[in-house]
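Each chain, written out:
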Amino acid sequence: TEGITFLGNEQFALVDEREGIVSWFIMNPETKTIQFKPEQSIKIFPYNVGNVGLEGITYDRKSKQLFVVKDRKPKKIYALQWPVRNIKQPVINIPWNAEDSPWWLARNLSGIHYHEKSGHLFILSRRSRTIIEYTLSGQKVGMFSLKSGSAKLQQTIAKAEGIVIANNGTLYLCAELNQLYIFKKRTGKTLL
């Protein structure tokens, strides 16, 4: 399991990296365990791709789309309509070709977050040590470096894996091993 997102009404979706599976389930205060159910999952690709598969998932409530990123070989961004109407033949779109971005900009895709206020996708690249802000059509509109010296970082965040932005603009970034970074935007400034 690599990524999770909240869908509303106690529903969540997550991704399995190697198998390329998107699953959804209900979780509430009474939930003790969560079990995989084939009838509540779809496969993005039909075979095990190893450690270069699905890395992150996010949800746009307005367009009712799930966005999923594939790490590399090749880098991919998938968009799926939610709820999924036919798990045997799901509608999967590719909003733009992530491989067209300059190699240094995003050497891989390790996390994704849909920011409701801006309507943009924030894509995390662990290998490039960068967060890139894109429109839904793939136009780059901002970047945020995770290297030493940026945003008062005393050392580079080398293994960033997950990203979430709260409604107030606070950015939460998780990294291996067991690290959580919290970035708050300056008053009057945009996040990136």
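That block above? That's the structure.
The structure contained in this document is the topic of the report that follows. Note that the coordinates shown come from a computational prediction; the quantities given were computed from them, not determined experimentally. (Residues numbered from 1 in each chain as written. Predicted model: local features only at pLDDT ≥ 70, side-chain atom pairs only at ≥ 80, totals over all residues. Heavy atoms only, no water.)

The next point concerns the packing of aromatic side chains. Tallied over the full model, the rule gives six aromatic pairs. Judged by centre distance (5.1 Å) and plane angle (55°), the rings of Phe-6 and Phe-12 are tilted. An angle of 40° between the planes, with centres 5.2 Å apart, marks the rings of Trp-96 and Tyr-134 as tilted. You can see Trp-96 sitting in the loop between β8 (92-93) and β9 (111-115) and its partner Tyr-134 sitting in strand β11 (residues 130-134), a full 38 residues away along the chain. Among the aromatic residues, ring-to-ring pairing joins Phe-6, Phe-12 and Phe-25 into one connected group. (Phe/Tyr/Trp six-rings, centres within 6.5 Å; stacked < 30°, edge-to-face > 60°. Helix = DSSP H or I, 4+ residues; strand = E, 2+ residues; numbered from the N terminus.)

The residue Lys-75 is located in the loop between β6 (65-70) and β7 (76-81) in this model. Residues Lys-75 and Glu-99 lie 24 residues apart in sequence; the distance between their C-alpha atoms is 5.8 Å. Beyond its immediate chain neighbours, meaning those up to four positions away, Lys-75 contacts Lys-70, Ala-98, Glu-99, Ala-106, Arg-107, Asn-108 and Leu-109. Side-chain polar atoms of Lys-75 contact the backbone oxygen of Ala-106, separated by 2.6 Å. (Contact = heavy atoms within 4.5 Å. Polar contact = N/O pair within 3.5 Å; in protein donor to acceptor, adjacent residues only side chain to side chain.)

What follows concerns the pairing of β6. Looking along a regular strand, one sees the side chains alternate between the two faces of the sheet. Of all six residues making up β6, six are buried, and the element is well covered by its neighbours. Judged by which residues are buried, β6 turns out to be covered on both faces: Gln-65, Phe-67 and Val-69 on one side and Leu-66, Val-68 and Lys-70 on the other are all buried. Sheet topology places strand β5 (residues 54-60) next to β6; six bridges connect them, and they run antiparallel. Its bridge partner being in β6, Asp-60 is matched across the sheet by Gln-65. The turn linking β5 back onto β6 is made up of four residues, and Lys-64 within it adopts a positive phi angle of 55°. Strand direction decides the pairing type here: β6 and β7, joined by six bridges, are antiparallel. Across the sheet, residue Lys-70 finds its bridge partner in β7, namely Lys-76. The antiparallel hairpin formed by β6 and β7 contains five residues in its connecting segment, where Lys-73 sits at a positive phi of about 60°. (Buried < 20%, exposed > 50% of the residue type's maximum accessible area, 1.4 Å probe, protein only. Pairing = 2+ DSSP bridges.)

Among the six residues that make up strand β10 (residues 120-125), six are buried, leaving the element largely enclosed by the rest of the structure. With five bridges connecting them, β9 and β10 associate as antiparallel partners. Opposite His-115, over in β10, you have His-120 as the bridge partner. Once β9 ends, the chain turns through four residues before running back antiparallel as β10, passing Gly-119 with a positive phi of about 75°. Hairpin connection between β10 and β11: a loop of four residues separates the two successive antiparallel strands, and Arg-129 in this loop has a positive phi of roughly 55°.

This part takes up the environment of Val-141. Checked against the element boundaries, Val-141 lands in strand β12 (residues 140-145). The class for Val-141 is partly exposed, based on a relative accessible area of 41%.

What follows concerns the sheet that holds β6. A sheet is described by the order of its strands in space; here four strands give the open sequence β5-β6-β7-β8, paired in antiparallel fashion. Since the sheet does not close on itself, it has two edges, and those belong to β5 and β8, each with one partner.

Following the sequence through the fold, Glu-17 ends up in the loop between β2 (11-16) and β3 (21-26). There is no salt bridge for the buried Glu-17, and the closest opposite charge comes from Arg-18, which lies 5.3 Å off by N-O distance. With near-sequence residues (within four places) excluded, Glu-17 lies in contact with Glu-2, Phe-45, Val-49, Gly-50, Asn-51, Val-52, Gly-53, Leu-54, Glu-55 and Asp-71. (Lys, Arg positive; Asp, Glu negative; His and termini not counted. Salt bridge = Lys/Arg side-chain N within 4 Å of Asp/Glu carboxyl O.)

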